[in-house]
Amino acid sequence: MKLFTSVHDVNDINALAAEALELKQNPYAHQHLGKNKTLGLVFLNPSLRTRMSTQKAALNLGMNVMVLNIDKEGWALELQDGAIMNGGTVEHVREAAAVMGQYVDIIGVRSFPGLKDREEDYSEAIFNKFVQYCGVAVVSLESATRHPLQSLADLVTIQELKKTARPKVVLAWAPHIKALPQAVPNSFAEWMCKADVDFTIAHPAGYELNTDFTNGATITHNLDEALTGADFVYVKNWSAYEPYGKVLPGNEDWMLNNDKLKITNDARVMHCLPVRRNLELSDEILDGPNSVVVHEAGNRVWAAQAVLKQMLEEI
Amino acid sequence: MKLFTSVHDVNDINALAAEALELKQNPYAHQHLGKNKTLGLVFLNPSLRTRMSTQKAALNLGMNVMVLNIDKEGWALELQDGAIMNGGTVEHVREAAAVMGQYVDIIGVRSFPGLKDREEDYSEAIFNKFVQYCGVAVVSLESATRHPLQSLADLVTIQELKKTARPKVVLAWAPHIKALPQAVPNSFAEWMCKADVDFTIAHPAGYELNTDFTNGATITHNLDEALTGADFVYVKNWSAYEPYGKVLPGNEDWMLNNDKLKITNDARVMHCLPVRRNLELSDEILDGPNSVVVHEAGNRVWAAQAVLKQMLEEI
Amino acid sequence: MKLFTSVHDVNDINALAAEALELKQNPYAHQHLGKNKTLGLVFLNPSLRTRMSTQKAALNLGMNVMVLNIDKEGWALELQDGAIMNGGTVEHVREAAAVMGQYVDIIGVRSFPGLKDREEDYSEAIFNKFVQYCGVAVVSLESATRHPLQSLADLVTIQELKKTARPKVVLAWAPHIKALPQAVPNSFAEWMCKADVDFTIAHPAGYELNTDFTNGATITHNLDEALTGADFVYVKNWSAYEPYGKVLPGNEDWMLNNDKLKITNDARVMHCLPVRRNLELSDEILDGPNSVVVHEAGNRVWAAQAVLKQMLEEI
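Residues numbered from 1 in each chain as written. Chains lettered and ligands numbered in written order. Predicted model: local features only at pLDDT ≥ 70, side-chain atom pairs only at ≥ 80, totals over all residues. Heavy atoms only, no water.

### Description of the sheet that holds strand β6 (residues 106–110) of chain B
All names here are of chain B. Strand order in the open sheet formed by 5 strands is β1-β7-β6-β2-β3, and the pairing between neighbours is parallel. Both outer strands of the open sheet, β1 (3–4) and β3 (64–69), are each paired with one neighbouring strand and no more. By the bridge criterion, 6 bridges tie strand β2 (residues 38–43) to β3 in an arrangement that is parallel. Residue pairing across strands places Val42 opposite Leu68, the latter belonging to β3. Each of β2, β3 and β6 touches helix α5 (residues 93–103); the most contacted strand, β6, lies at about 140° to it. (Pairing = 2+ DSSP bridges. Helix = DSSP H or I, 4+ residues; strand = E, 2+ residues; numbered from the N terminus. Contact = heavy atoms within 4.5 Å. Axes fitted to C-alpha atoms, helices over the stretch in contact; angles between N-to-C directions.)

Written out as C-alpha cells, the structure reads:
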C-alpha cells in the first residue's frame, strides 16, 4: 500500500480489519519492518487521538516518528499553483511536501476543510498536492472530506464487538452548535457501504451527504425508524452539504438518550470523539454500559498499525 | 507505584531518594523495564525542566515518549461534570483522559492553578479527573497545589550534598511581581517535614501556607533568625493563601544576597527555577559558589527516573 | 568537534563534506555512537528543514532527540546580563542553557536576528550565551548571522553534482517583500571562499554583505556578468547590511528565470528554501530540470549527520 486516503485504496477491507485485530493481540511482532524507517506526521489542525494513536502504532512497529505542527512550527503554506508569493504565505506546498519526502519514509497529513468553498474542499487540493509532490507513501490523518483511519478503526470495532454475522449499523446525525466537516460521516458511510453490515443513515432533512459516499445505504429522516433493531449506533454531527457548511435551525431533539436507545437491539453506541457532552450525546449514554467510544478510540492504534505495516512491507 | 502526586504516595522517601542517586550512577541499567512501554506527557502549561528531564528519564529507562501540549495541539478541555457543552470547550476530561490511557502506560500531567478560586484549585479537580478516568499510572508534572517530582529532586540534592547527618533546611520566601502558585513551597514543605532535616519556613506576615503541608515545620517571619546556621536555603516566591493568590505590598528586602548568606552555615542555595534574577535571587548568589540550582535541576532526571522505574516494575 | 557555529569551527571542510557523502551511502553504520546520547533541539523561531533533517540525522546515528520550541513551550528568555527581571522575561538564558546542558549531550539552537540593532545581531549574544553556559557541544541551527548546517549541505551538493574540478559558483541576490536576515548569504559566502570553487557574489548596489564573510569572493552588481559560465547559481534574498535590515526599492528584475539561465553553463540552481515562488524564483526554474533545491534540502540530513558524528566521537 502506497496510499491510504479512502476506502478505495484498500483491496479487502475485511482482511485489513482482521490484520488490525491480529496486531492488537501481538503488537510488537513486526518491529524489524520499521527499523530505521521514519514516519512524519504533519498537522495543519489540532489532533489528540490521531496524533497519539498513529505515533503509538509506528512505535509498535519499531519506526521513528517526527511530528510537525506545520502552521505553528514551520511556515505558512501556499497552495495555489502559479501564485506570485508576495503575500502571507512563505512556502509552497510543492517544496514543503517534496522536502519532507526527503526526510521520512511515510507521511501522514491532517488538513481540515475550510467549509467555505465546497468545490475547493471536495477537490482535496492540499491533500492531493502532498501526495503528488512528496514522493513517499501517504496516510491521511483526516482530509477535507474523509477520515479513513477513523473509519477503519470503526470497522475494526464493529467486527470485534458484533453479536450477529451481519449487524444493523446506523449513522445517526446529532446536534452541534458549530459547523463541523462531513469528513467523518462521509468516510464512515463509504466504509460501511462496503462492509458486511446493514447500513442506515438517519439525519434531519437538509443534512443529505454527497451521494458519492452513501451509495448502497438506506437513508431516512426518521430517527426512530432507523434505530429500531440497531446493533450499532454511530453518533456524529455534520454541517449541511447544501447550503455548504451551514448549521440548520432546530433538530435539538436528535440527541441520543437512553429512551431512544430502548428502540435498538441493545446497541453499542459509537462516536469518533471529541464529543460535546449533553449536546451531541447525553451523559447517561456516555457513562452508561452501551457506550464503546473509548474502546473505539483505543482501536485507532491497531487500525493505524495495520495500514503502516502494509506500507512498510512495500518499502 | 501507580500514582505519584504527593509525598503521601511514597512509602519511604529516603529509599526513593537513594534509588534516584543509584540511577544517577548507572542510568541505563534498567532499559528492559521500559521496552515497548510508552510515557505520555500532557501539558496544560509551559514547561522546560519537567518536560526535558522527564523525557530523558523515560529514555534512560528504554521507554518511548509522546508529548502533547493539549491546549495548543489537542482540544480545549471541559472539566465540569454534567456540563452542557455548548460553549468553547470541545472535549471533556473524562474522554480525553480515558482515551490517552488507551495509548500509553504512564501519563504525566501538568496543570497549574487558576489562582482565582482557592477551593477549586485545592480540590485538584483536573488532576484528580485524569487519575480517575485514564486507567493507567499517573505522575504529577506539577498540579495546582503540589510539584512532587521537584520536591523529590530537592530531597535528592540535599541527601547528595549534605555535610551533616541532619542538616538545617530553610524555605525562604522571595519577592516577585507576579502571583505565583503555592505548589512548589507546599510540596517542598510536606517532603521536608518527612525528611531527616531540621526544617524552617521563613516568610513575611500574610504568606502563611496551608497548614496541611507545613505540619512539623518551624515557621517564622524573621528571615535572619531562620537563616542562622542554615545548611540549605531554598528560595521561592509564592502568592498569599489568604487573600488567595494575591501579591502583598512590600517585602522587597526579602531577596537573598551575599550579606544574608553570611548568617548561614555556608549554605547551599536552592531554587526550583525558572528564577527571576535580581528580583527573587541576586546575580551574586546565582553566579557564586553557594548556588546549586543547576545541579538541582540536573537531579530532576534521577528523581523522575526513580519514580518511573517503580511504576514500570508494577506494570 | 565541540562547536559547529561557523566555517571557522571546521578544520577541513572538504573532508567534512566527503564524510557527509559517505554517510549518505551508509546512513546507519554508526548507531553505536549515538546509543543513550541525546540531542536537544531548541527553537526560538520556526523551522521545517532544519527541524526534520537534524532529527533524522540524529536518529540515523542512534541518538534520542528532544525538541523544544522554547518560546511557546518553555519560558520567555532574558538575555541581558545584570537585568532586574521585573518585566516580561521569566528565565535568564544563563539558567536555561545550563539546565538544558544537564539533560542532553548536544544542543542545537536556532535564533534569528531582530534586524533592528546590527551590533546586537552581529554580536550573536543569544547564541554565544548558550555556548558559554550550556557546558555541552553546540550546533547552530541558524544564528543571527550564520547558517552553517545549510552551508555544509550546500557544499555537499556542489561536491556531489559538479562536473568540473573547480566549478564557478554564483551567489545571486533575489527580490523579496520582507526584510530577511543575512545569515544564509553570509554563511554560504564564507564557506565558498574556503571551497575549491570560483566564487562570485552578484547583488544590486546597496546590498553589500559584511566583508568579514566575503573575503576572496568576486563581487559585482552586474547579474548577467556573474551568471556567464556559471555552473551553480545560489539564489537568495537578503536585506541590506547598511541601512541595516532594510529592503531597498526596485530590483524586481533580479528574479532568476530561464532567459537568464541561458547565459550560464547549464547551471544547477540552488536555494536554501523556503522560497517564494515567482518573487525570488520563477515557477519555470523551480519546476524545470536545472533546479536542485529539493535534492539540496535532502542533503541537509547528511550534513547534520556528519557534524553530529564528529561531535559524538569526542564525547
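So that's the structure; there's more coming.
### Some thoughts on the interface of chain C and chain B
Tallying the contact residues gives 31 residues for chain C and 32 residues for chain B. When chain C packs against chain B, close to 2,800 Å² is buried across both sides, 59% of that on carbon and sulfur atoms. For Asp287 of chain B, the salt bridge is made with Arg94 of chain C, and the minimal N-O distance between the two is 3.2 Å. Between chain C and chain B we count 15 residue pairs in polar contact (both at pLDDT 80 or more) in total. Contributions of two or more residues to the side of chain C that touches chain B are made by β3 (64–69), α4 (70–73), β5 (91–92) and α5 (93–103) of chain C. Among the elements that make up the side of chain C that touches chain B, the one with the highest residue count is α5 of chain C (7 residues). For the side of chain C that touches chain B, the class distribution of residues is 13 nonpolar, 11 polar and 7 charged. (Buried area = accessible area lost by both parts, 1.4 Å probe. Salt bridge = Lys/Arg side-chain N within 4 Å of Asp/Glu carboxyl O. Polar contact = N/O pair within 3.5 Å; in protein donor to acceptor, adjacent residues only side chain to side chain. Nonpolar A, V, L, I, M, F, W, Y, C, P; charged D, E, K, R; others polar.)

### Some remarks on the UniProt feature "binding site: N(2)-succinyl-L-ornithine" (unreviewed entry) in chain A
All names here are of chain A. Mapped onto this numbering, the UniProt entry gives "binding site: N(2)-succinyl-L-ornithine" (unreviewed entry) at Glu142, His176, Lys236 and Arg276. Within the fold, Glu142 resides in the loop between β7 (137–140) and α8 (148–161). Contacts of Glu142, omitting those with residues within four sequence positions, involve Val109, Arg110, Ser111, Phe112, His147 and Ala183. Within the secondary structure layout, Lys236 lies in strand β11 (residues 232–236). Here Lys236 is in contact with Leu171, Ala172, Trp173, Ala174, Leu180, Val184, Pro185, His271 and Cys272, once residues within four sequence places are set aside. (UniProt positions renumbered as here; feature names shortened; annotations may be inferred.)

### Here's the deal with the side chain of Arg276 of chain B
In this fold, Arg276 of chain B is placed in the loop between β12 (268–270) and α12 (283–286). Buried Arg276 of chain B, no salt bridge; nearest opposite-charge side chain is Glu280 of chain B, N-O distance 5.6 Å. Only 3.4 Å separates the side chain of Arg276 of chain B from the side chain of His176 of chain B, close enough to count as a polar contact. Setting aside anything within four residues of it in sequence, one finds Arg276 of chain B in contact with His176, Ile177, Lys178 and Leu281 of chain B together with Met85, Asn86, Gly87, Gly88, Thr89 and Val90 of chain C. (Buried < 20%, exposed > 50% of the residue type's maximum accessible area, 1.4 Å probe, protein only. Lys, Arg positive; Asp, Glu negative; His and termini not counted.)

### Examining the sheet that holds strand β10 (residues 218–220) of chain A
All names here are of chain A. Across the sheet, which stays open at both edges, the 5 strands sit in the order β10-β9-β8-β11-β12 with parallel pairing between neighbours. A strand with exactly one partner marks an edge of an open sheet, and here the two such strands are β10 and β12 (268–270). Averaged over neighbouring strand pairs, the angle between their axes works out to 20° when direction is ignored. Across 5 bridges, strand β8 (residues 168–173) lies against strand β9 (residues 198–202) in parallel orientation. Bridge pairing links Lys168 to Asp198 in β9.

### Section: the pattern of salt bridges
Here the structure, examined in full by the defined rule, presents 48 salt bridges over all chains. For Lys309 of chain A, the salt bridge identified is with Glu19 of chain A, shortest N-O distance 2.4 Å. With Lys309 of chain A in helix α13 (residues 293–313) and Glu19 of chain A in helix α1 (residues 13–25), the pair connects residues that are 290 residues apart, well separated along the chain. Here Lys309 of chain A falls in the buried class, since its relative accessible area comes to 7%. Salt-bridge contacts for Arg51 of chain C lead to Glu73 of chain A; the nearest nitrogen and oxygen are separated by 3.7 Å. One end of the pair, Arg51 of chain C, is in helix α3 (residues 49–60); the other, Glu73 of chain A, is in helix α4 (residues 70–73), on a second chain. An identical accessibility class is assigned to Arg51 of chain C and Glu73 of chain A; each is buried. If you follow the salt bridges from partner to partner, you end up with Asp81, Arg94, Glu95 and Lys129 of chain A together with Arg277, Asp283 and Asp287 of chain C in one network.

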